[in-house]
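Structural overview for review
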Amino acid sequence: MRRTAGTALLAAAALAATALAGPAAADPPVLPGPDDIVGVGAQTTGPLFGQFSTDYNAFLAGGGNTTSPRLYSFDSTGSPTITPRAGAAAIPRPAGVGDGLVQLNAVPSAVDFVRVDRPRQASDPASDTFVALAKDAVTWAAKSGGNAPANLTTVQLRAIYQCTVTNWAQLGTGLPNATVKPYLPQAASGVRTLFLGAIGVTTPGACVTTGPADNQGVDPVLNDPNVLIPYSVGHYLGQTVYGHSTPVDAAGVLTVRAVDGIAPVNATAGTINAPLAASAYGRLLWDVVRQSDWAGTGAKGIALRAIFGPSGWICTSTTAANDVRNYGFLRLPGAACGSTA
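So, here is what we can say about the structure in this document. (Residues numbered from 1 in each chain as written. Predicted model: local features only at pLDDT ≥ 70, side-chain atom pairs only at ≥ 80, totals over all residues. Heavy atoms only, no water.)

Thoughts on the nonpolar core
To be explicit about the condition: Within this scheme, the nonpolar core is defined by two criteria: the residues are buried Ala, Val, Leu, Ile, Met, Phe, Trp, Tyr or Cys, and they are joined through side-chain atoms within 4.5 Å. Note on classification: 1.4 Å probe, protein chains only; a residue is buried when its accessible area is under 20% of the maximum for its type, exposed when over 50%, partly exposed between these limits. Strands are runs of DSSP state E lasting at least two residues, helices are runs of H or I lasting at least four, and both sets are numbered from the N terminus onward. By definition in these notes, contact holds between two residues if any of their heavy atoms fall within 4.5 Å.
Grouped together as the largest cluster of nonpolar side chains are 45 residues, with contacts concentrated most on Trp 140, Leu 157, Ile 160, Tyr 161, Trp 168, Phe 195 and Leu 228. Where this core is concerned, the elements lending two or more residues are β6 (128–143), α4 (154–161), β8 (181–184), α5 (190–199), β10 (227–232), α6 (233–240), β11 (254–259) and α7 (274–277). Considering every element that reaches this core, the biggest residue donor is α5, with six residues. Leaving out residues up to four positions away in the same chain, Phe 195 has contacts with Val 138, Thr 139, Trp 140, Leu 157, Tyr 161, Leu 184, Pro 230 and Tyr 281. Formed by 24 residues, the second largest nonpolar core is a distinct cluster that contains Leu 304, Ile 307, Trp 313 and Val 324.

Printed below as a string of structure tokens:
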């Protein structure tokens, strides 16, 4: 992706803002207490929540608040198991939305919220409440310098993922005679769900390979001139423009590409391109909680609303707004942030 001088300046400013806010946590730096607010789930917003945890807990401490529950979030990758809080048994690390929702609705559960990057589905428990967080968009990515073009239409993407197009040369003059290799992230991925819905594919064809972790280009299988895979535009911006990458969470060899002639990135502003965010490839990002907790009058309900609600820290804090932007996402306007579904 070409970076303009304006984008470079934005990146420098974002890095400076992040440095002032303090480094983001990955897994919690301490074992969360029995009453703390603990989350798991989608990889897309995992790094953002590491920063939220650092900044929200600093906000409480800076105000002299020593009693309110703290906020903690576990990554979707890492050790095979996690211990969510003091006194809880170890559980398999949730690798995405599906695994996270299973843990949220387990009895007993040591998880208070799930990072979710797909809409509510008919199979989701009615007892779960989706709380709106931010806006993102999903596109496709391919190896820089590989055989994939700069743009594919929705019709072409559908044909590729249904395996009726299997060679780049089938898509037009000038493309090489080489086999297309469509990939999808792991089955619990919200990126996968949104992308397949946007291109109108219910069941991917037999030529499609499933497996890589979301939103990264460091897996060796993706270092191939013919591979393409869905990718969160916001997460990509966080990695490539705002400097939030790690050895296992980086764009690596991949660059994001246009859909239907719509570029994924506004390179001047360093943001998700608004027309893509407004299309079928745009999506809301959510945090999912138990309705009984959300409506509760006890300490947990009060803490959840103080963090995620329309009048809560995420929706009203300048620090949180900067975090959302500096991790590549679009802040929701007004009452949309913290609204429920």
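From this point, things continue past the structure.
Quick look at the packing of helix α2 (residues 46–62) against helix α11 (residues 318–326)
Rules: To get an axis, fit a line to the C-alpha atoms, keeping to the stretch in contact for a helix; angles then go from 0 to 180 degrees between the N-to-C directions. Should an angle lie under 35 degrees it is considered roughly parallel, over 145 roughly antiparallel, and from 65 to 115 roughly perpendicular; all remaining angles are considered oblique. Note: crossing handedness is left-handed where the near helix turns anticlockwise from the far helix by less than a right angle, and right-handed where it turns clockwise.
One way to put it is that α2 packs onto α11 with a least axis distance of 10 Å and a crossing angle of 160°. In terms of axis orientation, α2 runs roughly antiparallel to α11. Considering only the axes of α2 and α11, their crossing is right-handed. Taking contact as the criterion, the partners of Leu 48, Gln 51, Phe 52 and Asp 55 in α2 are, on α11, Thr 319, Ala 320, Asp 323 and Val 324.

Structural notes on the pairing of strand β1 (residues 37–41)
Note the following rule: In this description, strands pair whenever DSSP reports at least two bridges between them.
When you tally the buried positions in β1, you get five out of five residues, the bulk of the element. Across the two faces of β1 the burial is the same, with Ile 37, Gly 39 and Gly 41 and Val 38 and Val 40 all buried. Pairing of β1 with strand β2 (residues 71–73) involves three bridges; the strand directions are parallel. Within β2, the position partnered with Gly 39 by the bridge is Ser 73. Two elements, β1 and strand β5 (residues 113–116), share three bridges in a ladder whose sense is parallel. Looking across to β5, one finds that Gly 41 is bridged to Arg 115.

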